[in-house]
Number of protein chains: 2
Amino acid sequence: MLKYEAIARELREDIQQGKYTPGEQLALEKEMCQQYGVSRITIKRAVDELVKQGLVVKRRGSGTFVKSLKDEDVKELSMANQFSGFAATFKGRKVASKILRFEIIHPTAEVAAKLQLAVDDFVYDIIRVRLLDDRPVVVEYTQMPIQLIAGLKRQTLEKSIYSYIEKDLGYKIQSAHRTVRAVMPTDEEREQLQIEGVLPLLEVTQVAFLDDGRPFEYSIARHRGDYSNFRSVSIR
Amino acid sequence: MLKYEAIARELREDIQQGKYTPGEQLALEKEMCQQYGVSRITIKRAVDELVKQGLVVKRRGSGTFVKSLKDEDVKELSMANQFSGFAATFKGRKVASKILRFEIIHPTAEVAAKLQLAVDDFVYDIIRVRLLDDRPVVVEYTQMPIQLIAGLKRQTLEKSIYSYIEKDLGYKIQSAHRTVRAVMPTDEEREQLQIEGVLPLLEVTQVAFLDDGRPFEYSIARHRGDYSNFRSVSIR
DNA sequence: GAGTGGTCTAGACCACCCC
DNA sequence: GGGTGGTCTAGACCACTCG
């Protein structure tokens, strides 16, 4: 366990357990150095993690202060700005997939550009409905280069493609670039998501990258607007 | 100008100007130390900025590599994950506001909790339509504590509240916690945003914080789905 | 002026990758 | 085994805040 990670975790737990009142000042960096027996840069890194997670605020010349947050918000934070697939996001709940399509095609010029392919290369073309506790919540349109993600089977799609990529292929996933929009469902989507009446969808378009910088996935996920939202913490 | 910032900017410009082919390896950190005459930690910080912006990928044991990105994407990045108000986001374009409401009320229990207020405290209650190049693109419902944001005038709302808070009140804005959803417009919103037919809205709910950790704004912005999107880079 | 966090250094050792 | 980036140290100086 890394020192700065361990310290960050300890501080985060203290805050989440309400050991500080909203707006209260944290121990000084110099004090923490002694307390934890590490150098100041290490303390700084630990506290900067909490800043990134939106839990505290640092002011040069004054100190570090716990943000004045609603209790529930404190618990929900630290997850925002992170990256994980559908299955990992809802770990512990019942997750399933219904496969509507699993073909190999040529990508459009648009997708080819995003995935750094030529239009006469091949990609998997996958459409899945993802179910959470037996209720359909999202339709995912996924394209991946067959050269990179070799040997994909129907069975894998039932579960987690990401787990296949990491555990079986031995790749590491590094990041995802996302764009979020609001859209209306198509008739097909209304049926698949069992939508009655008028309900918009949250569309998340994503290009995902391996740790060598190669894009391996272009996907469009359309979430039921009444189930899903998207959180983030922006620092100035 | 900070050293790591300057170096990050220089590297970013090189990448944006296409001086590297997709997937190409950057100079080693040790080499950059010599090239820029700084220590390795400083180089590391600079390169870590590029990682955060989604432009490069670092692999321990191998080196740092430029992501394989579409050219347009390279230019649009580095803005994602940042925080700015409406006026700042569209700097250079014609921005205006139509004020639909400007009152002082008691907050609901929900909003009071988010803003760390009591329900018998007072908040401004503001509704504005924001126009971009004379076209309405978003309706903003904003509440702010009157104790904190004192002396707000109708005139200020026409322009930028954030600029008032920073320049006139002398506060510093630190961060914003956001949640994004897809919703349908109300009849009133349809009218204000001049929506014909069926068009969903992208709803961004935000709590914004000063640099001392105090929340100063609870706002719900409902953007026309055909104009707006929301970008982010997630690192694993 | 005393004290805070921000930046930077020069160097060390470690985990990991690839040959 | 040679080389990469990751972590960490001990110390310095700076920019800023506040009494």
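Above this text is the structure in question.
Counting restarts for each chain: residues are numbered from 1 in the order of the written sequence. Starting at A for chains and at 1 for ligands, labels are handed out in the order in which the entities are written. Totals for whole chains, interfaces and linings use all residues, but because this is a predicted model, local features are given only for residues with pLDDT of at least 70 and pairs of side-chain atoms are given and counted only at 80 or more. In computing side-chain values, all of the structure's heavy atoms are included and hydrogens and water are not.

S.K.: Looking at this structure, I do not really get the pairing of strand β2 (residues 63–66) of chain B. What am I missing?
M.R.: All names here are of chain B. Throughout, exposure labels follow a simple rule: accessible area from a 1.4 Å probe, protein chains only, divided by the maximum for the residue type, with under 20% read as buried, over 50% as exposed, and the rest as partly exposed. To qualify as a helix, a DSSP run of H or I must reach at least 4 residues; to qualify as a strand, a run of E must reach at least 2; elements of each kind are numbered from the N terminus. Neither face of β2 is exposed, since Gly63 and Phe65 on one face and Thr64 and Val66 on the opposite face are all buried. Paired strands are those between which DSSP finds at least two bridges. Pairing analysis gives 4 bridges linking strand β1 (residues 56–59) to β2, with the strands arranged antiparallel. Within β2, the position partnered with Arg59 by the bridge is Gly63. Here β1 folds back onto β2 in antiparallel fashion, the turn holding 3 residues, of which Gly61 has a positive phi close to 90°.

S.K.: Can you walk me through helix α8 (residues 161–168) of chain B in this structure?
M.R.: All names here are of chain B. Among the residues of α8, Ile161, Tyr162, Tyr164 and Ile165 are the ones counted as buried. Angularly, the buried residues of α8 cover 165° about the axis, an arc narrow enough to put them on a single face. Away from the buried face of α8 by more than 90 degrees, exposed residues Lys167 and Asp168 are located. Contacts are assigned to residue pairs that have any heavy atoms within 4.5 Å of one another. The secondary structure elements touched by the buried residues of α8 are β4 (123–132), β5 (135–145), α7 (154–158), β6 (173–183), β7 (201–210) and β8 (215–224). The backbone nitrogen of Tyr162 lies 3.4 Å from a side-chain oxygen of the residue at the head of α8, namely Ser160. Trailing α8 by a residue or two, Gly170 shows a phi angle of about 75°, which is positive. The arc refers to the directions leading from the helix axis to the C-beta atoms. Any pair of nitrogen or oxygen atoms within 3.5 Å is treated as a polar contact; in protein, a donor-acceptor pairing is required on top of that, and neighbouring residues in sequence qualify only through side-chain atoms on both sides.

S.K.: What is the right way to read the protein's contact with DNA strand C from this model?
M.R.: We call a residue near a given molecule or strand whenever any one of its heavy atoms falls within 4 Å of it. Taken together, 28 residues lie near DNA strand C, and Leu28 and Arg40 of chain A together with Lys3, Ser39 and Thr42 of chain B sit nearest. Close to the protein, within 4 Å, the atoms of DNA strand C are drawn from sugar and phosphate at a rate of 67%. Here a base nitrogen of DNA strand C sits 3.3 Å away from a polar atom, N or O, in the side chain of Arg60 of chain A. Elements represented by at least two residues in the surface near DNA strand C include exactly α2 (29–36), α3 (40–52), β1 (56–59) and β2 (63–66) of chain A together with α1 (3–16) and α3 (40–52) of chain B. Tallying contributions element by element places α3 of chain B first for the surface near DNA strand C, with 4 residues.

S.K.: Before we go on, may I ask you to explain the interface of chain B and chain A in this structure?
M.R.: Accessible area lost on assembly of the parts is the figure often given for the size of an interface. Residue-level contacts link 55 residues of chain B with 55 residues of chain A. Two parts placed together each lose some accessible area; with a 1.4 Å probe, that loss summed over both constitutes the buried area. For the chain B and chain A pair, buried surface summed over both sides reaches about 4,800 Å², with 52% attributable to carbon and sulfur atoms. A pairing counts as a salt bridge when a side-chain nitrogen of Lys or Arg comes within 4 Å of a carboxyl oxygen of Asp or Glu. Here chain B and chain A share 8 salt bridges between them. A salt bridge links Arg236 of chain A to Glu166 of chain B; its shortest N-O distance comes to 3.4 Å.

S.K.: Hey, could you run me through the sheet that holds β6 of chain B in this one?
M.R.: Hydrogen bonding along the main chain pairs the strands of a sheet, whether they run parallel or antiparallel. If you trace the 7 strands from one edge of the open sheet to the other, you get β9(A)-β6(B)-β7(B)-β8(B)-β5(B)-β4(B)-β3(B), paired in antiparallel fashion. A single partner strand is all that each edge strand has here, and the edge strands are β9 (230–235) of chain A together with β3 (95–105) of chain B. Strand after strand, the sheet turns through a mean of 20° between neighbouring axes, direction not considered. With 10 bridges joining them, β6 of chain B and β7 of chain B adopt antiparallel strand pairing. Bridge assignment links Ala176 of chain B to a residue of β7 of chain B, and that residue is Ala208 of chain B. Simply put, an axis is a line fit to the C-alpha atoms, just over the touching stretch for a helix, and the angle between two N-to-C directions goes from 0 to 180 degrees.

S.K.: Mind showing me how you'd approach the sheet that holds strand β3 (residues 95–105) of chain A here?
M.R.: Sheet architecture is open: 7 strands sit in the order β3(A)-β4(A)-β5(A)-β8(A)-β7(A)-β6(A)-β9(B), paired in antiparallel fashion. Of all the strands in the sheet, the pair left with one neighbour each is β3 of chain A together with β9 (230–235) of chain B. When strand polarity is set aside, the average angle formed by the axes of neighbouring strands in this sheet is 20°. When strand β4 (residues 123–132) of chain A meets strand β5 (residues 135–145) of chain A, the two strands line up antiparallel, connected through 10 bridges. Its bridge partner lying in β5 of chain A, Leu132 of chain A is registered against Arg135 of chain A.

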